[in-house]
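Here's the letter readout for the chains.
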2 protein chains.
Amino acid sequence: MRAEIIAVGTELLLGQVVNTNATFLSEKLADMGIEVYFHTVVGDNPKRLEELLQLTDTRSELIVLCGGLGPTDDDLTKNVLADHVGVPLVQNQEGLVALKAFFEQRQSTMTPNNLRQIETLQGGLPLPNRTGLAIGCLYKNEKNNYLLLPGPPSELKPMFLEQARPLLEKEFPTTERLTSRVLRFFGIGESRLVTELAEMIEQQSNPTIAPYAKPNEVTLRITAKTEDEISANALLDQTEAEIMAKVGEFFYGYGEENSLVEVVVSLLKENQLSITAAESLTAGEFQATLGRVPGVSEVFPGGFVTYSAATKANFLGIDSTLFDHVGVVSEECAKLMAEAALQRAETDYAVSFTGVAGPDKLEDKAKGTVYIGLAQKGKATIVTENHFTRDRSYIRHSAVMKGLDMVRRSILNKN
Amino acid sequence: MRAEIIAVGTELLLGQVVNTNATFLSEKLADMGIEVYFHTVVGDNPKRLEELLQLTDTRSELIVLCGGLGPTDDDLTKNVLADHVGVPLVQNQEGLVALKAFFEQRQSTMTPNNLRQIETLQGGLPLPNRTGLAIGCLYKNEKNNYLLLPGPPSELKPMFLEQARPLLEKEFPTTERLTSRVLRFFGIGESRLVTELAEMIEQQSNPTIAPYAKPNEVTLRITAKTEDEISANALLDQTEAEIMAKVGEFFYGYGEENSLVEVVVSLLKENQLSITAAESLTAGEFQATLGRVPGVSEVFPGGFVTYSAATKANFLGIDSTLFDHVGVVSEECAKLMAEAALQRAETDYAVSFTGVAGPDKLEDKAKGTVYIGLAQKGKATIVTENHFTRDRSYIRHSAVMKGLDMVRRSILNKN
């Protein structure tokens, strides 16, 4: 099946927003065996969008339109498509209920232009919006197939994954199915990973092996093309075993939507272990990351942000004269912070972070120098010295990920 | 002048690479008064690229082509364009010297396919590549103008800024320039903002007014088209004054790269005021947000993450029997948390967060119910009751932004 993606929005043509939706959709459609031949960005201009639709009808079998479903006058994607296929727009009743509930909950007045967001093409399949208000639509006629998705990635992604993808799989089944498995790695860079797996990647045909570098981690997507699930899984199992023999040391979990913090919180829950933190340069980011996981309160009672030397002493009860000798950017400080936090919060684990996020040096230590402590009930405290690179935000993220991995390895006795 | 941007590369259509080049070029071209009407991505396929060039010739006066200038067989942009305009490719002598020097310095052998990188269209203006090997080209004929740039952003950006932009300014001088100003708003949704400004937006011509919704905030970009900067600023000042008369209540700052936290940290610094926090449902995210701003240590010594009732009592010294009556998701609890944090950290401000991030209810309070406390040295504590919507992560982000805005308004005496 030949598809193409149209993103509608003048903000894209002005360079105010990056078209990450096209990237996301291309990757997901490729996984489904749907080939994307073009991306186009067009402004909020009905005439140019209509001309584009006339062109895309001649060359593609699925047109994915993103953006322009909102409440304002320049949101016109639905109107142009409705004219193009010759059907009226109708209000979606489910969407109307959700829209009214949204404004009631906020205790604010709904302006009438919001009703535009719950209109869809008559005869189309409406797609509810779990994270926003503008509903999507899959519209098929004898000429073509059109998928309408909202512009904000926080709305487009869940709508595509939860609503549109299953619908497309049902409407356009393929005899050869693609089955994917995603392996996630921490502590190894993409270039080293592909070097270790060079021979496998060169010889790949079925399954294919696709590495993706993400911030502070690498994923490998292995995809088998088969007629049934059983032979797919057999192929994937074999390839996975070969990969693990080479780089299994760095593997931490499966799945596109998985993350290191989710793996760590699951491990803590399974083992009935609790955790706290004392954060200097990360300033709460480690704990905020834990907080993203629903139900984390079972294992995480709270912790400390000790940015200044004074709060390291006051909140944690550390004798501040100790810092005079070793400084706050030191192995010793990380150890003191972790052990004090463990005692104060009465948890099984305590992670501490102290270091230099930059842009400037601190205590003559270079930007990126980070000490991470891991105190454990009944076990010796571990401290790692790290030298992270790139900018302030990346250094903080690197530290959080490394702290999570230290906890993971400790629970699994892999330290 | 009407322009469009074509990015060539199958990796873009597979979702492996984001088309940031189009974003970069669009912004720079808009600043020069060149209007970009389309972005297109096409794979490494000569036939589809040629068809696209036939189309773009009919609708644009400048075609910017990025990518496909490298040494491998799938790099074919130059060849397709040369055929399209009917001229041969020739070697660029300057490029050849640089290419040979590159391989000599590396002490490695140059494979013959590298010579493809220094070919340009006969009659075109070659553009040297300071950060890579593939040279670019500006080619003009009676039909159209074509600008060829390399795909890697690290090569494209310097080549555009240093070579192509001055050349375009000379070749296509414009009398009219675009000057933009971005206004940022918090506490008003996009639909209400455009409703308040409906008349202005309807009648806009010069300056234009473009609203853009971002997570928990809205920006307005006002753009004037004038011959000089003085008259641009006069126009922008006037439009801004009209906007502020209607929605100035929600305005917090200027600039595309600005943010609410940066405004708040600047205000704290200017007024020599310090801040701490006690966070329950946000679990450190407010403090981590403060931590993103370089130099925040001047005003932020640290704070508390008090996720459980026990840590609310232990870390902050609150009498836990108080929670028996009012619960932890309450105005009273937010007040107690903020006041205790203020005392413990000895700061001028303390912000507290307690509420329900979801997915489940807590103490019979609905998901999204959040109490935010603001304790201030020498002033009465303020608590707001909020009803945020969407998912766990959005609710936490909404709470952080509202907490920041409460601090901003307090410093500016706008509470």
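Sequence order as written defines residue numbering, which begins from 1 separately in each chain. For this description, chains carry letters from A and ligands carry numbers from 1, given in the order in which they are written. Where local features are concerned, this predicted model is filtered to residues with pLDDT of at least 70; where side-chain atom pairs are given and counted, the filter is 80 or more; whole-chain, interface and lining totals use all residues. Each side-chain value is worked out from all heavy atoms of the structure, with water and hydrogens disregarded.

Participant: Quick question: what am I supposed to make of the overall build of chain A here?
Facilitator: Check the secondary structure of chain A and you find 15 helices and 17 strands. Structurally, chain A occupies a C-alpha span of about 80 × 60 × 40 Å along its principal axes. The buried label applies to any residue whose accessible area, calculated with a 1.4 Å probe on protein chains only, is under 20% of its type's maximum; exposed applies above 50%, and partly exposed to all values in between. Across the 415 residues of chain A, 57% fall into the buried class. For chain A, the proportion of contacts with a sequence separation of at least 24, taken over those separated by at least 6, is 67%. Of the roughly 17400 Å² of accessible surface on chain A, a fraction of 49% belongs to carbon and sulfur atoms. Charge convention: Lys and Arg are scored as positive, Asp and Glu as negative, and His as well as the terminal groups of each chain are ignored. Positions of charges follow a simple convention, taking NZ of Lys, CZ of Arg, CG of Asp or CD of Glu. Each charge sign in chain A was given a centre, from 40 positive and 55 negative side chains, and these centres are 2 Å apart. Note on conventions: DSSP H or I runs of at least 4 residues are helices, E runs of at least 2 residues are strands, and numbering of each starts at the N terminus. By definition in these notes, contact holds between two residues if any of their heavy atoms fall within 4.5 Å. Computed with a 1.4 Å probe, the accessible areas rest on the Shrake-Rupley method; for each residue, only the protein chains presented here act as cover.

Participant: Mind showing me how you'd approach the UniProt feature "domain: MoaB/Mog" (unreviewed entry) in chain A here?
Facilitator: Annotation from UniProt places "domain: MoaB/Mog" (unreviewed entry) at residues 4–170 of chain A. With 43% helix and 22% strand, residues 4–170 of chain A has its two end C-alpha atoms placed 19 Å apart. UniProt positions are given in the numbering used here, feature names are shortened, and annotations may be inferred rather than shown by experiment.

Participant: What am I meant to see in the packing of helix 10 (residues 260–270) of chain A against helix 15 (residues 392–411) of chain A here?
Facilitator: The angle between the axes and the distance between the axes are what describe a pair of packed helices. Residues and elements named next belong to chain A. For helices, the fitted line uses only the C-alpha atoms of the stretch in contact; every axis is such a line through C-alpha atoms, and the angle between N-to-C directions lies from 0 to 180 degrees. Viewed as axis vectors pointing N to C, helix 10 and helix 15 meet at an angle of 35°, and their least axial separation amounts to 10 Å. Helix-helix and strand crossings are classified by hand; for helix 10 and helix 15 the assignment is left-handed. Between helix 10 and helix 15, the residues in contact are Leu-260, Val-261, Val-263, Val-264, Leu-267 and Leu-268 and Met-401, Leu-404, Asp-405, Val-407, Arg-408 and Ile-411, respectively. Here the contact of helix 10 with helix 15 is built from residues that sort into 10 nonpolar, no polar and two charged. In this scheme, a crossing is called left-handed if the near helix is turned counterclockwise away from the far one by less than a right angle; it is called right-handed if the turn is clockwise. Under the grouping applied here, Gly and all other residues not named as nonpolar or charged are polar, the nonpolar ones being Ala, Val, Leu, Ile, Met, Phe, Trp, Tyr, Cys and Pro and the charged ones Asp, Glu, Lys and Arg.

Participant: Could you clarify how one ought to interpret the side chain of Glu217(B) in this entry?
Facilitator: Relative to the helices and strands, Glu217(B) resides in strand 11 (residues 217–226). Aside from chain neighbours lying at most four places away, what touches Glu217(B) is Arg184(B), Phe185(B), Tyr212(B), Tyr252(B) and Met401(B).

Participant: Quick question: what am I supposed to make of the side chain of Asp75(B) here?
Facilitator: Residues and elements named next belong to chain B. Within the secondary structure, Asp-75 sits in the loop between strand 3 (62–66) and helix 4 (77–85). Within the buried set, Asp-75 has no salt-bridge partner at all; the shortest N-O distance to an opposite charge, 6.3 Å, is to Arg-116. Setting aside chain neighbours within four positions, we find Asp-75 in contact with Gly-68, Leu-69, Gly-70 and Arg-116. A pairing counts as a salt bridge when a side-chain nitrogen of Lys or Arg comes within 4 Å of a carboxyl oxygen of Asp or Glu.

Participant: Can you walk me through the sheet that holds strand 11 of chain B in this structure?
Facilitator: Residue and element names in this part refer to chain B. Strand pairing requires that DSSP identify at least two bridges connecting the strands. Across the sheet, four strands lie side by side as 10-11-9-12; this open sheet has antiparallel pairing. Either end of the sheet is taken by a strand with one partner, and the two such strands are strand 10 (208–214) and strand 12 (251–254). This sheet shows a mean twist of 25° between the axes of neighbouring strands, independent of strand direction. Sheet topology places strand 9 (residues 177–185) next to strand 12; three bridges connect them, and they run antiparallel. Within the sheet, the bridge partner assigned to Phe-185 lies in strand 12 and is Phe-251.

Participant: Would you mind showing me how to read the interface of chain A and chain B here?
Facilitator: Facing 66 residues of chain A, the contacting portion of chain B comprises 64 residues. Accessible area that two parts lose when put together, with a 1.4 Å probe and added across both, is what the buried area reports. Surface buried jointly by chain A and chain B totals about 5400 Å² across both partners, of which 60% is contributed by carbon and sulfur atoms. At the boundary of chain A with chain B, the tally comes to one salt bridge. A salt bridge links Glu155(A) to Arg390(B); the shortest N-O distance between them is 4.0 Å. Contacts described as polar in this section are N or O atom pairs within 3.5 Å, which, within protein, must combine one atom able to donate a hydrogen with one able to accept it, while residues neighboring in sequence count only if both atoms come from side chains. For the pair chain A and chain B, the interface holds 27 residue pairs in polar contact (both at pLDDT 80 or more). At seven residues, strand 2 (residues 35–42) of chain A tops the list of elements feeding residues into the side of chain A that touches chain B. For the side of chain A that touches chain B, the residue count by class is 28 nonpolar, 27 polar and 11 charged. Strand direction decides the pairing type here: strand 2 of chain A and strand 2 (residues 35–42) of chain B, joined by five bridges, are antiparallel. Among the inter-strand pairings, His39(A) is bridged to a residue of strand 2 of chain B, identified as Val41(B).

Participant: In this structure, what is going on with unusual backbone geometry? I would like to understand it.
Facilitator: Across residues other than glycine, the phi torsion is negative in most instances, and most of the peptide bonds are trans. Between Gly358(A) and the following residue, Pro359(A), the backbone shows a cis peptide bond with an omega angle of 10°. Position of Pro359(A) relative to the elements: it lies in the loop between strand 15 (349–355) and strand 16 (369–376). For the peptide bond that leads from Asn206(B) to Pro207(B), omega is 0°, which places it in the cis range. On the secondary structure map, Pro207(B) appears in the loop between helix 8 (198–203) and strand 10. Unusually for a residue other than glycine, Asn216(A) sits at a positive phi of about 65°. Looking at the secondary structure, you find Asn216(A) in the loop between strand 10 (208–214) and strand 11 (217–226). On the accessibility criterion, Asn216(A) (18% relative accessible area) is buried. One non-glycine residue, Glu363(B), lies in positive phi territory at about 50°. Within the fold, Glu363(B) resides in the loop between strand 15 (349–355) and strand 16 (369–376). The partly exposed category is assigned to Glu363(B), whose relative accessible area is 40%.

Participant: Any chance you could explain the sheet that holds strand 11 of chain A here in plain terms?
Facilitator: Where strands meet in a sheet, backbone hydrogen bonds hold them as pairs that are either parallel or antiparallel. Residue and element names in this part refer to chain A. Pairing is antiparallel in the open sheet, where four strands are placed in the order 10-11-9-12. The open sheet is flanked by strand 10 and strand 12 (251–254), the only strands paired with a single partner. Sheet twist, expressed as the mean angle between neighbouring strand axes with direction ignored, is 25°. In this fold helix 2 (residues 20–31) packs onto strand 9 (177–185), strand 10 and strand 11, with an angle of close to 35° to the strand it touches most, strand 11.

Participant: Can you help me understand the confidence of the model for chain A in this one?
Facilitator: Caution applies to low-pLDDT regions: their predicted coordinates should not be interpreted in detail. A residue's pLDDT is the predictor's confidence in that residue, given on a scale from 0 to 100. The pLDDT averaged across chain A works out to 93; a share of 100% of its residues lies at or above 70. This prediction of the complex comes with two scores: 0.78 for pTM and 0.78 for ipTM.

Participant: I keep staring at the nonpolar core and nothing clicks. Help me out?
Facilitator: For soluble globular proteins, the rule of thumb is that nonpolar side chains tend to be buried together. Working definition of a nonpolar core: buried Ala, Val, Leu, Ile, Met, Phe, Trp, Tyr and Cys residues. They are joined through side-chain atoms within 4.5 Å. Core analysis: the biggest nonpolar cluster contains 75 residues, and Ile275(A), Phe286(A), Leu290(A), Leu268(B), Ile275(B), Phe286(B) and Leu290(B) have the highest contact counts within it. Non-local contacts of Ile275(A), meaning those with residues more than four positions away in its chain, are made with Leu268(A), Phe286(A), Leu290(A), Val299(A), Phe300(A), Pro301(A), Gly302(A), Thr347(A), Tyr349(A), Val351(A) and Val407(A). Grouped together as the second largest cluster of nonpolar side chains are 40 residues, Leu316(A), Phe323(A), Ala334(B) and Ala350(B) included.

Participant: Help me out: how do you make sense of the packing of aromatic side chains in this one?
Facilitator: Geometry of an aromatic ring pair is reported as the spacing of the ring centres plus the angle between the planes. Residues and elements named next belong to chain A. Planes of paired rings set the category: under 30 degrees apart is stacked, over 60 is edge-to-face and the rest tilted, where pairs are Phe, Tyr or Trp rings (Trp by its six-membered ring) whose centres lie within 6.5 Å. Taken as a whole, this structure holds 14 aromatic pairs over all chains when the rule is applied. On the basis of an interplanar angle of 70° and a centroid distance of 6.0 Å, the ring pair of Phe-185 and Phe-251 is categorised as edge-to-face. Of this pair, Phe-185 sits in strand 9 while Phe-251 is found in strand 12, placing the two residues 66 residues apart along the sequence. By the burial criterion, Phe-185 is buried, and Phe-251 matches it. For the ring pair Phe-286 and Phe-353, a centre distance of 5.1 Å and an interplane angle of 50° mean the geometry is tilted. Placement of Phe-286 in helix 11 (residues 285–291) and of Phe-353 in strand 15 is noted, with a sequence separation of 67 residues between them.

Participant: Explanation requested: the pairing of strand 15 of chain B in the structure shown.
Facilitator: Along any regular strand the residues' side chains alternate between the sheet's two faces. All names here are of chain B. Across the seven residues that make up strand 15, a large majority, seven, are buried. Burial along strand 15 is two-sided: Tyr-349, Val-351, Phe-353 and Gly-355 facing one way and Ala-350, Ser-352 and Thr-354 facing the other are all buried. Note: strand 13 (residues 275–279) against strand 15, five bridges, orientation parallel. Across the sheet, residue Thr-276 finds its bridge partner in strand 15, namely Ala-350. When strand 15 meets strand 16, the two strands line up antiparallel, connected through seven bridges. If you follow Gly-355 over to strand 16, its bridge partner there is Val-370.

Participant: So what exactly am I meant to see when it comes to the environment of Ile6(A) here?
Facilitator: All names here are of chain A. Turning to its location among the elements, Ile-6 is positioned in strand 1 (residues 2–8). Through-space distance from the C-alpha of Ile-6 to that of Phe-38 is 8.3 Å; in sequence the pair is 32 residues apart. Not counting the four nearest positions on each side in its chain, Ile-6 is found in contact with Thr-40, Val-42, Leu-49, Leu-52, Leu-53, Thr-56, Ile-63, Val-64, Leu-65 and Cys-66.

Participant: What should I look at first to understand the packing of helix 2 (residues 20–31) of chain B against helix 6 (residues 153–171) of chain B in this one?
Facilitator: Residues and elements named next belong to chain B. Packing of helix 2 against helix 6 leaves a shortest axis separation of 11 Å and a crossing angle of 25°. Between helix 2 and helix 6, the angle falls in the class roughly parallel. Here helix 2 runs over helix 6; the crossing is right-handed. Counting all contacts with helix 2, which are made through Thr-20, Asn-21, Phe-24, Leu-25, Lys-28 and Leu-29, the residues of helix 6 involved are Pro-153, Leu-156, Lys-157, Phe-160, Leu-161, Arg-165 and Leu-168. By definition in this entry, angles of less than 35 degrees are roughly parallel, angles greater than 145 are roughly antiparallel, angles of 65 to 115 are roughly perpendicular, and the rest are oblique.

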